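A closer look at the structure
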Amino acid sequence: QVQLVESGGGLVQAGGSLRLSCAASGSAFSINVMGWHRQVPGKQRELVASVSSDGSTNYTDSVKGRFTISRGNYMSTVYLQMNSLKPEDTAVYYCNAFERRTFSSYWGQGTQVTVSS
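Here's a quick rundown of the structure. (Residues numbered from 1 in each chain as written. Predicted model: local features only at pLDDT ≥ 70, side-chain atom pairs only at ≥ 80, totals over all residues. Heavy atoms only, no water.)

Along its length, the protein chain carries zero helices and eleven strands. From first element to last, N terminus to C terminus, the protein chain shows the α and β order β-β-β-β-β-β-β-β-β-β-β. On C-alpha atoms alone, the protein chain measures out to a radius of gyration of 14 Å, which is about the 13 Å that the 2.2 N^0.38 rule sets for 117 residues. For the protein chain, the spread of C-alpha atoms along the principal axes amounts to about 45 × 25 × 20 Å. For the protein chain, the proportion of its 117 residues judged to be buried stands at 44%. (Helix = DSSP H or I, 4+ residues; strand = E, 2+ residues; numbered from the N terminus. Rg over C-alpha atoms; globule rule 2.2 N^0.38 Å. Buried < 20%, exposed > 50% of the residue type's maximum accessible area, 1.4 Å probe, protein only.)

Have a look at this one:
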């Protein structure tokens, strides 16, 4: 089992920056991929960015060049640095961890990011 706790959300003006953090506990050593997803009411949750245990990263097109995902040692922590924020980035952001060995996916409780115009 893996537990995820997010922090760092909040209210920011357009053009501003926020940094999200996600701390993993439990069987964090077994995590292969960690990522950030976001969801707005009435829409499907979408992948924003992910980082694998080998350090490779992936971003959705709308955040490329503005967001940076990084991880701590042993996939125990993942960060999302969000710069040049836009109102359309407003959403609840969820941390996710994926364990390939058991094909298990874990989610944090979510943190609200609101970007005002």
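Still to come is the rest of the account.
Relative to the helices and strands, Asn58 resides in strand β6 (residues 57–59). Under the relative-accessibility criterion, Asn58 is labelled partly exposed at 39%. A C-alpha to C-alpha distance of 22 Å links Asn58 and Gln109, two positions 51 residues apart in sequence. Those residues in contact with Asn58, other than ones at most four positions away along the chain, are Leu47, Val48, Ala49 and Ser50. (Contact = heavy atoms within 4.5 Å.)

By size, the foremost hydrophobic cluster in this structure holds 30 residues, and its most contacted members are Leu4, Met34, Trp36, Leu80, Met82 and Tyr93. Residues within four places of Met82 in sequence aside, it is in contact with Gly16, Ser17, Leu18, Leu20, Arg66, Phe67, Tyr93 and Val113. (Core = buried A, V, L, I, M, F, W, Y, C linked by side-chain atoms within 4.5 Å.)

Across all of its chains, the model carries five salt bridges by this definition. Across the pair Asp61 and Lys64 runs a salt bridge, and its minimum N-O distance is 3.0 Å. By relative accessible area, Asp61 is classed as exposed at 60%. Looking at Lys64, the relative accessible area reads 48%, which means it is partly exposed. Here Arg101 and Glu99 are joined by a salt bridge, their closest N and O atoms 3.7 Å apart. (Salt bridge = Lys/Arg side-chain N within 4 Å of Asp/Glu carboxyl O.)

With that settled, the discussion passes to the sheet that holds strand β8 (residues 77–82). The four strands lie next to each other as β1-β3-β8-β7, forming an open sheet whose pairing is antiparallel. Edge strands, defined here as strands with exactly one partner in the open sheet, are β1 (2–7) and β7 (67–71). For this sheet, the mean inter-axis angle between neighbouring strands, taken without regard to orientation, is 15 degrees. (Pairing = 2+ DSSP bridges. Axes fitted to C-alpha atoms, helices over the stretch in contact; angles between N-to-C directions.)

Time to look at the side chain of Ser21. Within the secondary structure, Ser21 is located in strand β3 (residues 18–26). With residues near it in sequence (within four places) discarded, Ser21 still touches Val5, Glu6, Ser7, Trp36, Val78 and Tyr79.

Below, the discussion takes up the pairing of strand β4 (residues 33–39). Put simply, side chains in a regular strand alternate between the two faces of the sheet. In terms of burial, β4 is a largely internal element, six of the seven residues being buried. In this structure, β4 lies alongside strand β5 (residues 46–52), joined through six bridges in antiparallel fashion. Looking at β5, one finds that His37 is bridged to Leu47. Where β4 folds back onto β5 in an antiparallel hairpin, the turn is made up of six residues, including Gly42, whose phi is positive at roughly 85 degrees. Direction of pairing for β4 relative to strand β9 (residues 91–99): antiparallel, over a ladder of seven bridges.

Distances and angles like these do not, on their own, reveal function.
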